[in-house]
Amino acid sequence: MRQLFQRLLFLGALCACVPALAQTTTARLEGAVRDASGPLPGITITAVNTESGLQRSTVTGTDGLFNLTLPPGPYTVTAGGTTAFEEQKTTLRLQVGQVIESNFDLKPGKMTTAAVGVTAEAAPEVEVRTAEVATNVTTEQIRSLPQSTRNFMNFAALAPGVRLNTNELKQDFSYGPQGSRNINVFVDGASYKADMLEGGTAGQDSSRGNPFPQNAIQEFRVITQNYKAEYQKASSAIISAVTKSGGNELHGDVFAFYQNKSLVAQDFFSAQRGTPKPEYTRWQPGLSIGGPIAKDKVHFFFSYEGNYQDRESEVFFGGDPWPDALKDQLRPYLGLYPSNFRETLLFGKLSFVLGDGAALDLSGNWRHETDIRGFGNQTSFQSAEDAKNDAGTAVAKHTLLKGNFLNEATLSYQRSKWNPTPANPDLVNQNYFGLLQIGGRTTPQNFTQDRYAIRDDVTLLSLQGLGNHVIKGGVTFDYLKYDVVKQQFGNPEYDYFIGYGSAHPFKALYGFGDPNVSTVNRQFGVYVQDDWRVNPRLTANIGLRWDFETDMLNNNYVTPQAIRDAFGSRYSSNFFTDGTNRSTYYGALQPRIGLSFDVTGDSKTVAFGAFGRYYDRTTYNDILDEKYRLQYQVLTFVFTDDGHGIEGFPTSIIWQPQYMTVAGLQSLIASGNAPKPEVFLLDNNTKPPSSDQWSLGVRHDFGGLLASVAYVGVKSRNQLTWTCGTQRPDGTCIFGGLTPGYSTQLLSAGKEGRYNALQVSADKPFTASSGWGASLSYVYGKAEQTGNDLFSLDYANPRAYGFHRTPNDQTHTILVTGIAALPFDFRLSTLISLGSGFPFQIFDDSQRPNPDRTLQKPGGGDPPKWSQSIDVRLEKRFTFAGSYNFGVLAEVINLFNYVNYDPNSINGSIPQTGTNPNFGKASAAINPRRVQFGVNFGF
């Protein structure tokens with residue numbers, strides 16, 4: 001506690017001494033004011049938001065330079081207007097995270113007004129001078145581009161190298177060698193990081209729903225490389241989004257989207273099986289409204305979106321050759337069964353302009369969803385569960401601008417709750433591998449994360465000294481409560497394998513004990529950033545961030561003496577702790593530097609390069625097993641007719657019919673004949689995941705069309721995985737263990753990853769004056785990793801796997817978008833995506849060193865074909881009574897119904913002898929053609 005107190009004092013002192021700017025929710029306007037004789041000091045620059053009336057001003061320095069930090073939005077910017085110089089105005093639209101340059105050349109004169117690029121609209125600005133590799137997704141793109149789910153994060157795919165998850169129940173994205181758990185999403189500056197389960201965005205790791213109402217998102221920025229020091233808890237890509245606010249005019253809209261089964265093409269493989277088309281309808285209604293409560297002073301905004309799906313999932317036999325008599329017995333479980341989904345999303349915001357540069361925003365959002373799922377394919381409807389998913393966030397943000405000083409203070413509270421509840425908790429589960437699984441679901445769970453966060457960011461603009469500086473820094477503190485009740489295999493699972501027959505199961509999994517593993521955690525962060533304009537052509541972005549957590553690794557855990565006695569002589573002392581051996585990791589120092597150079601001197605061609613280190617965190621669910629498996633034991637019972645060992649387990653239990661019940665398994669436990677629990681040993685020196693990122697590129701502004709070419713690289717380390725602690729001389733795992741009283745021992749280890757890519761992009765934002773907008777990106781990349789997923793049990797350690805393709809590696813990725821305004825108020829848009837496909841996992845029995853173990857080769861199978869989708873949207877709007885409008889639209893996802901394989905369904909089995917005729921063939925497809933109709937009314 002004394003060390004913690006000292007570090008808190010250090011954080012406070014640093015924040016008091018080092019001012020800061022948080023670009024998680026803002027943009028910056030900079031430039032120079034000059035006349036024929038040179039720079040003009042003392043000229044007032046005023047920016048007025050044309051929607052809300054927000055006004056901010058600054059004065060040029062001795063070098064004629066100015067800086068203004070502003071919320072994203074449309075602005076009229078004015079310079080001059082004195083008795084000596086005429087007033088000049090320009091209009092522009094600033095987007096989140098951008099640094100935009102706008103210069104003024106004043107002429108002598110009186111208070112007359114001269115326009116500098118003033119247009120009727122405030123068009124999105126093109127950002128050239130930045131070292132970040134980033135893509136801004138505009139309001140127009142969110143509103144106009146086709147997509148099926150209304151998940152705003154799907155538009156992150158517009159950023160080169162970003163990959164959307166192909167799993168319908170995992171609506172998130174990834175980048176580089178790391179998975180979706182290493183990204184982070186910020187909405188209005190509040191982090192949506194999920195600490196407990198799969199990382200990434202709270203609520204998205206196991207959901208078909210959306211994290212936020214799309215009609216409440218104004219715009220967002222995807223940064224895939226070299227984001228600045230104000231962003232935390234991500235070693236991969238991030239999203240920084242800002243929400244809409246009310247303005248001085250009352251505006252609103254109401255909409256509804258509809259699909260049914262006749263508008264969705266049948267899955268290619270179910271059509272081959274002759275299965276009837278499943279029932280399916282989806283309604284997505286929504287509304288938003290915003291406007292003034294007091295003009296130029298108080299504004300409000302409210303939005304709602306719903307997602308109501310009545311659907312069916314098909315249950316069918318797998319392809320393994322089980323006896324016909326068993327198939328006849330299980331046939332009643334086949335067919336189509338209801339899988340209904342319900343989601344409600346709400347958002348509200350109050351914005352106060354307090355005067356004298358002060359503003360206050362109060363906002364909150366709520367998400368509630370239920371999903372009947374957990375069955376389908378080779379899992380029966382008996383195994384269904386109601387996956388309840390709730391999340392809510394409240395944010396209060398105060399902004400104070402005094403001259404060149406800006407302070408932004410943010411308080412937020414967030415709760416996310418994931419609570420899957422089995423429909424039949426009392427029916428034991430029976431799994432016939434390769435054929436069908438029946439019975440109730442095995443594991444009810446309740447994970448609740450409460451996050452209380454404080455953030456303060458300060459800005460000092462236009463500091464002079466060897467150039468012009470914007471000095472930034474800030475502090476964050478998060479207090480987190482993890483309430484976890486996890487009853488893994490509280491309902492037992494009985495497994496059957498064709499090689500052992502179907503007369504009785506060969507294995508049972510059963511858990512019992514104390515399922516509560518709740519805890520608390522505290523996270524601290526501090527950063528400093530200098531955006532240093534060395535001269536008119538060279539800009540350096542130099543930053544340093546430091547983060548630490550008080551209890552990321554179950555720091556106060558004490559290894560039971562019985563575990564020490566059993567394994568102390570076998571494993572390193574690093575795997576045992578007395579409650580003091582796991583100190584808080586204070587080594588997460590993260591230097592970040594970027595350089596951009598104006599090659600031509602006219603801000604048209606800019607070369608850039610950057611390097612940075614980024615730390616994430618190990619999720620709670622990944623490390624809790626060391627205590628959880630001892631207080632709540634998950635036992636693996638192996639059954640045979642003679643007591644001989646199988647499947648790598650040295651011994652077994654002679655099968656008796658009474659063992660087919662919970663009471664029968666408990667009798668084995670009571671009699672002392674049960675197997676012993678698994679043992680998880682976490683290395684005390686485990687470090688949080690991190691990555692080094694570097695880039696080198698050039699971008700050019702072709703008069704509103706921005707093109708860039710860049711090489712990017714990533715080296716990641718310390719991704720947690722569990723390896724087998726009991727091995728044969730050849731390094732393969734022995735399941736069941738060899739130590740009396742305990743089953744398999746698992747040791748923690750760290751995985752590595754690497755990514756190299758060439759990224760080419762061109763983007764022309766849509767403007768009403770031009771009537772069109774388009775973007776194109778191409779990525780040639782290679783993502784590799786060591787180890788497998790959370791468990792790497794095929795070799796002695798992750799490095800023994802060697803580097804191999806990651807599950808999300810795609811060599812070639814092409815993405816094209818277009819928006820065009822057509823005659824008679826029609827608008828056509830398209831999103832075209834092409835990819836060379838993702839690898840699949842190989843299960844190799846031909847090379848296994850032991851007959852009881854299949855060798856897994858993650859990423860070992862090359863994609864059998866390219867994937868593609870051509871999506872289009874056509875909208876017609878009718879305007880009447882002045883400001884009222886009505887629209888009808890149709891969207892088609894995958895217009896030509898191209899068959900895209902589900903990489904998880906590709907057969908990667910290599911038999912011990914002979915060949916597998918189905919090797920490399922898929923059994924499921926994703927993204928069939930979907931037609932969607934919608935209507936909207938706005939004012």
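Per chain, the residues get numbers from 1 upward, laid out in the order the sequence is written. Owing to the predicted nature of the model, reporting of local features is limited to residues with pLDDT of at least 70; listing and counting of side-chain atom pairs is limited to 80 or more, with chain, interface and lining totals taken over all residues. Just so you know, side-chain values use all the structure's heavy atoms and leave hydrogens and water out.

1. As for the sheet that holds strand S14 (residues 184-187)
Working step 1: Strands sit in the order S11-S16-S17-S14-S15 across an open sheet of five strands; the sheet is mixed. Both outer strands of the open sheet, strand S11 (133-137) and strand S15 (190-191), are each paired with one neighbouring strand and no more.
Working step 2: As judged from the five bridges shared by S11 and strand S16 (residues 217-225), these two strands associate in the antiparallel manner. Bridging from a neighbouring strand, Val133 pairs with Gln225 of S16. At least two DSSP bridges between two strands are required for those strands to pair. Where helices and strands are cited, they refer to DSSP runs of H or I of at least four residues and of E of at least two residues respectively, numbered from the N terminus.

2. What to know about unusual backbone geometry
For residues besides glycine, phi is generally negative; the peptide bonds are generally trans as well.
Working step 1: One non-glycine residue, Arg150, lies in the positive phi region at around 60 degrees.
Working step 2: Looking at where Arg150 falls in the secondary structure, it is placed in the loop between helix H2 (139-144) and strand S12 (162-164).
Working step 3: Its relative accessible area of 11% is what places Arg150 among the buried residues.
Working step 4: Within the chain, Asn927 stands out as a residue other than glycine whose phi angle is a positive 60 degrees.
Working step 5: Mapping Asn927 onto the fold places it in the loop between strand S52 (925-926) and strand S53 (930-938).
Working step 6: When accessible area is computed with a 1.4 Å probe and restricted to protein chains, residues below 20% of their type maximum are described as buried, those above 50% as exposed, and intermediate ones as partly exposed. We classify Asn927 as partly exposed; its relative accessible area is 31%.

3. A short note on the confidence of the model for the protein
Working step 1: Note on scores: pLDDT gives the predictor's confidence for each residue, bounded by 0 and 100. Residues of the protein with pLDDT of at least 70 account for 94%, and the chain-wide mean is 89.
Working step 2: The criterion used for residue contact is that any of the two residues' heavy atoms lie within 4.5 Å. With pLDDT under 50 throughout, residues 4-22 is counted as low confidence; its partners more than four residues away or in other chains account for 52 contacts.

4. Regarding the packing of aromatic side chains
Working step 1: A pair of Phe, Tyr and Trp rings is counted when the ring centres sit within 6.5 Å of each other, with Trp represented by its six-membered ring. The angle between the planes then sorts it: under 30 degrees is stacked, over 60 is edge-to-face, the rest tilted. Applying the stated criterion to the full structure yields 48 aromatic pairs.
Working step 2: Considering the side-chain rings of Phe680 and Phe791, the 6.5 Å spacing of their centres and the 75 degrees angle between planes classify their relative orientation as edge-to-face. In this pair, Phe680 sits in strand S38 (residues 679-681) while Phe791 sits in the loop between strand S42 (772-785) and strand S43 (804-805), placing the two residues 111 residues apart along the sequence.
Working step 3: On the basis of relative accessible area, Phe680 is assigned to the buried category, the value being 3%.
Working step 4: Relative accessible area serves as the criterion here: at 30%, Phe791 is assigned to the partly exposed category.
Working step 5: Summarising the aromatic geometry, the rings of Tyr884 and Phe937 are spaced 6.1 Å apart at their centres and angled 15 degrees between planes, so their arrangement reads as stacked. Separated by 53 residues along the polypeptide, Tyr884 in strand S49 (residues 884-893) and Phe937 in strand S53 bring together distant segments of the chain.
Working step 6: What links up through ring pairs into an aromatic cluster is the set Phe477, Phe524, Trp546, Phe548 and Tyr586.
Working step 7: Over a ring means this: the NZ of a Lys or the CZ of an Arg is within 6 Å of the ring centre and within 35 degrees of the ring normal. The ring of Phe878 is capped by Lys876, whose NZ or CZ atom sits 4.8 Å from the centre of that ring.

5. With respect to a nonpolar patch on the surface
Working step 1: Residues form patches when they are more than 30% accessible in relative terms and have no salt bridge. Like charges link within 9 Å. Nonpolar side chains (Val, Leu, Ile, Met, Phe, Trp, Tyr) link within 5 Å. Accessible surface is estimated by sampling points in the Shrake-Rupley manner with a 1.4 Å probe; for residues, cover comes only from the protein chains shown. We define a salt bridge as a side-chain nitrogen of Lys or Arg found within 4 Å of a carboxyl oxygen belonging to Asp or Glu. Taken together, the side chains of Val254, Leu287, Phe302, Phe878, Phe880, Tyr884, Phe886, Val888, Val935 and Phe937 define a hydrophobic patch exposed on the protein surface, amounting to about 790 Å² of accessible area.
Working step 2: The set of elements that each furnish at least two residues to the nonpolar patch consists of strand S48 (867-880), S49 and S53.
Working step 3: Element by element, the count of residues in the nonpolar patch is highest for S49, at three residues.
Working step 4: For Leu287, a relative accessible area of 31% puts it in the partly exposed group.

6. Describing the environment of Val315
Working step 1: Relative to the assigned elements, Val315 resides in strand S20 (residues 298-315).
Working step 2: A residue is classified by how much of its surface remains accessible, and Val315, at 2% relative accessible area, is buried.
Working step 3: A C-alpha to C-alpha distance of 7.6 Å links Val315 and Phe381, two positions 66 residues apart in sequence.
Working step 4: Here Val315 is in contact with Tyr333, Leu334, Gly335, Tyr337, Phe375, Gly376, Asn377, Thr379, Ser380, Phe381 and Leu436, once residues within four sequence places are set aside.

7. Comments concerning the pairing of strand S45 (residues 826-835)
Every regular strand shows the same layout, with side chains that alternate between the two sheet faces.
Working step 1: Two elements, strand S44 (residues 812-822) and S45, share 10 bridges in a ladder whose sense is antiparallel. Across the sheet, Ala821 pairs through a bridge with Arg827, a residue of S45.
Working step 2: Taking the residues that link successive antiparallel strands as the turn, the S44-S45 hairpin has three residues, and the phi of Phe824 there is positive, at about 60 degrees.
Working step 3: Where S45 meets S48, 10 bridges bridge the pair, whose relative direction is antiparallel. Residue Gly835 lies in a different strand from S48, and its bridge partner there is Ser867.

8. Comments concerning the sheet that holds strand S30 (residues 493-496)
Working step 1: The six strands lie next to each other as S27-S26-S30-S31-S36-S37, forming an open sheet whose pairing is mixed. Here the strands that pair on one side only, and so sit at the sheet edges, are strand S27 (436-438) and strand S37 (653-654).
Working step 2: Direction of pairing for strand S26 (residues 429-432) relative to S27: antiparallel, over a ladder of three bridges. Along S27, the bridge assignment pairs Asn431 with Gln437.
Working step 3: Orientation is described by axes fitted as lines to C-alpha atoms, over the contacting stretch for helices, and by angles from 0 to 180 degrees between their N-to-C directions. Most of the contacts of helix H8 (residues 662-671) go to strand S36 (residues 632-640), to which it runs at about 95 degrees, and overall it touches S30, strand S31 (507-513), S36 and S37.

9. Focus: the environment of Lys751
Working step 1: By the secondary structure assignment, Lys751 is in strand S41 (residues 745-764).
Working step 2: Along the sequence, Lys751 and Gln785 sit 34 residues apart, while their C-alpha atoms lie 7.1 Å from each other.
Working step 3: The definition of a polar contact used here is a pair of N or O atoms within 3.5 Å, where within protein one atom must be able to donate a hydrogen and the other to accept one, and adjacent residues in sequence count solely through side-chain atom pairs. Of the polar contacts made by the side chain of Lys751, one reaches the backbone oxygen of Asn788; its length is 2.8 Å.

10. Observations regarding the pattern of salt bridges
Working step 1: Enumeration according to the criterion identifies 53 salt bridges in this entry.
Working step 2: Its salt-bridge partner being Asp531, residue Lys472 comes within 2.4 Å of it at the nearest N-O pair. A residue pair is termed long-range when its members are at least 10 positions apart, and Lys472 in strand S29 (residues 468-486) and Asp531 in strand S32 (residues 519-533) qualify at 59 residues.
Working step 3: Here Glu752 ties to Arg799 by a salt bridge, and the two come within 2.8 Å at their closest N and O atoms. One end of the pair, Glu752, is in strand S41; the other, Arg799, is in the loop between S42 and S43, with 47 residues separating them in the sequence.
Working step 4: Exposure remark for Glu752: the relative accessible area of 16% places this residue in the buried category.
Working step 5: What emerges from the salt-bridge pattern is a single network uniting Arg28, Glu30, Glu101, Arg129, Lys228, Lys472, Asp531 and Arg533.

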